[in-house]
Amino acid sequence: MTQGRVNELIKGRRTVRELDVFERVADGLGMPDDARHLLGLASRREACGGGRAFDLAAFPEVVRVFTEQAAAADEIQRAARTTDELDVLAVRGLGLIGLNDSLLRSSLTRADGKRLRLRVLLLDPECPALADRAAEIGESAESMANGVRLTAARLRDLTDVCDVEIRWYRSLPTWRLIRVGKVVYVSAFDSGWEGHESALYKVMETPYGPLYRGFRRMFDGLMDEGALLPA
């Protein structure tokens with residue numbers, strides 16, 4: 001950009017409307033990623049990503065990508081042992097929290113006697129979305145519904161060590177989510193594809209990033225809408 005053009009922008013005689021101009025300004029000033037995001041621009045790492053149109057792992061909030069849940073199991077369990085708040089969004093949750101050998105079950109009791117705040121969203125066993133999800137993975141709706149009810153019953157057993165809140169949601173599952181404090185571990189459901197088999201993204205809260213906030217807002221909204229199960 002010429003100095004004259006810059007002067008016109010500073011004095012308000014011209015305005016910037018084209019995204020590529022903002023990109024050139026950001027590049028010329030060496031803006032850090034947080035500042036680039038305020039202008040609606042991709043991060044430098046994403047912009048210079050070797051020609052890839054979009055690389056989610058390059059976004060600053062996504063600090064790590066695991067091939068599947070099992071690859072992150074040790075890290076999630078360590079984080080769950082020290083957090084004050086744990087949120088779980090699942091279909092039936094048996095592999096996450098419903099069984100003695102599930103991912104999170106052994107991490108819920110605190111040696112110091114403090115009580116964990118545990119919020120769990122499970123798919124309503126009576127809703128049409130459960131039958132649709134069961135059909136997607138070749139399972140009977142009855143079997144899936146029984147799994148949900150078993151998890152709900154096992155969660156009630158935790159009331160001696162946790163402040164437990166369980167609610168039903170009624171939409172076709174898309175996301176599988178574990179929030180441990182300011183970190184969200186998120187994977188996806190698809191036809192013929194279970195959440196624990198999906199790639200797992202570790203998303204951290206950042207000052208301007210939308211992902212952590214978006215997933216937390218989604219979870220809170222489902223909690224507000226969901227039917228509360230009695231303790």
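Attention in this report is confined to the structure presented alongside it. Since we're looking at a predicted model, the values are computed, not measured.

To continue, consider the overall build of the protein chain. On a plain count of helices and strands, the protein chain comes out with 9 helices and 8 strands. Over its C-alpha trace the protein chain gives a radius of gyration of 22 Å, far above what one expects of a compact globule, namely 17 Å for 231 residues. The principal-axis extent of the C-alpha atoms belonging to the protein chain is close to 70 × 45 × 30 Å. Per-residue burial over the protein chain gives 41% buried out of 231 residues. For the protein chain, restricting intrachain contacts to residue pairs at least 6 apart in sequence, the fraction spanning at least 24 positions comes to 65%. For the protein chain, the exposed area adds up to about 12500 Å²; of that, 50% sits on carbon and sulfur atoms.

Now for the nonpolar core. If you look at the biggest cluster of nonpolar residues, it comprises 52 residues, and the most contacted ones within it are Leu86, Leu104, Leu118, Leu122 and Ile178. At 6 residues, strand β3 (residues 116-123) tops the list of elements feeding residues into this core. Among residues more than four places away in sequence, those in contact with Leu122 are Ala90, Val91, Arg92, Gly93, Val148, Thr151, Ala152, Leu155, Ile166, Arg167, Trp168 and Tyr169.

So, on to the pattern of salt bridges. Tallied over the entire structure, the rule returns 18 salt bridges. Across the pair Arg64 and Glu75 runs a salt bridge, and its minimum N-O distance is 3.6 Å. Separated by 11 residues along the polypeptide, Arg64 in strand β1 (residues 62-66) and Glu75 in helix α5 (residues 69-82) bring together distant segments of the chain. The class for Arg64 is partly exposed, based on a relative accessible area of 46%. For Arg133, the salt bridge goes to Glu194, with nearest N and O atoms at 3.5 Å. Taken as a pair, Arg133 in helix α7 (residues 128-136) and Glu194 in the loop between β6 (183-188) and β7 (200-204) lie far apart in primary sequence, 61 residues in all.

What follows deals with the side chain of Gln77. Counting through the fold element by element, Gln77 comes out in helix α5. According to the relative accessible area criterion, Gln77 is buried, its value standing at 17%. In this structure, Gln77 is in contact with Leu103 and Ser107, ignoring residues within four places of it in sequence.

Once that is clear, we can look at the packing of aromatic side chains. All chains considered together, the criterion is met by 1 aromatic pair. With 5.2 Å between their ring centres and 80 degrees between their planes, Trp175 and Phe215 make a pair best called edge-to-face. Here Phe215 lies in helix α9 (residues 211-225) and Trp175 lies in strand β5 (residues 175-180), a separation of 40 residues in the sequence.

With that settled, the discussion passes to α5. In an α-helix, one full turn covers 3.6 residues, which means residues spaced three or four apart are oriented alike. Taking 1.5 Å of rise per residue, the 14 residues of α5 would be expected to cover 20 Å, and the 20 Å separating its terminal C-alpha atoms lies within 8% of that figure. Approximately 35 degrees is the largest bend angle found in α5, and it occurs at Glu75. Of all the residues in α5, the buried ones are Gln69, Ala72, Ala73, Glu75, Ile76, Gln77 and Ala80. Taken together, the buried residues of α5 touch β1, α6 (94-98), β5, β6 and β7.

We now examine the pairing of strand β2 (residues 85-89). In regular strands, side chains alternate between the two faces of the sheet. Summarising burial for β2: 4 of the 5 residues are buried, a large majority. For β2 and β3, the ladder comprises 5 bridges, and the chain directions are parallel. Each residue of the ladder has a partner; that of Asp87, found in β3, is Arg119. Across 4 bridges, the pairing between β2 and β5 is antiparallel. Following the sheet pairing, Val88 is matched in β5 by Ile178.

Viewed as axis vectors pointing N to C, α7 and helix α8 (residues 141-156) meet at an angle of 115 degrees, and their least axial separation amounts to 8 Å. Here α7 and α8 pass one another in a crossing that is right-handed. On α8, the residues that touch Leu130, Ala131, Arg133 and Ala134 of α7 are Ala141, Met144, Ala145 and Val148. Counted by class, the contact of α7 with α8 contains 7 nonpolar, no polar and 1 charged residues.

To continue, consider α9. In a regular helix each residue adds 1.5 Å, so 15 residues correspond to 21 Å; α9 covers 21 Å between its end C-alpha atoms and thus fits that length. For α9, every residue scored as buried is listed here: Tyr212, Phe215, Phe219, Leu222 and Met223. Buried positions in α9, seen along its axis, are confined to an arc of 105 degrees and lie on one side of it. In α9, those exposed residues whose orientation departs by more than 90 degrees from the buried face are Arg217, Asp224 and Glu225. Among the structural elements, β2, β3, β4 (162-169), β5, β6 and β7 are those in contact with the buried residues of α9.

Calculation criteria
- Residues numbered from 1 in each chain as written.
- Predicted model: local features only at pLDDT ≥ 70, side-chain atom pairs only at ≥ 80, totals over all residues.
- Heavy atoms only, no water.
- Helix = DSSP H or I, 4+ residues; strand = E, 2+ residues; numbered from the N terminus.
- Rg over C-alpha atoms; globule rule 2.2 N^0.38 Å.
- Buried < 20%, exposed > 50% of the residue type's maximum accessible area, 1.4 Å probe, protein only.
- Contact = heavy atoms within 4.5 Å.
- Areas by Shrake-Rupley, 256 points an atom, 1.4 Å probe, with all protein chains shown as cover.
- Core = buried A, V, L, I, M, F, W, Y, C linked by side-chain atoms within 4.5 Å.
- Salt bridge = Lys/Arg side-chain N within 4 Å of Asp/Glu carboxyl O.
- Phe/Tyr/Trp six-rings, centres within 6.5 Å; stacked < 30°, edge-to-face > 60°.
- Expected span 1.5 Å × (residues − 1).
- Bend = angle between axes of the 7 residues up to and from the residue.
- Pairing = 2+ DSSP bridges.
- Axes fitted to C-alpha atoms, helices over the stretch in contact; angles between N-to-C directions.
- Left-handed = near helix turned anticlockwise from the far one by under 90°.
- Nonpolar A, V, L, I, M, F, W, Y, C, P; charged D, E, K, R; others polar.
- Arc of directions from axis to C-beta.

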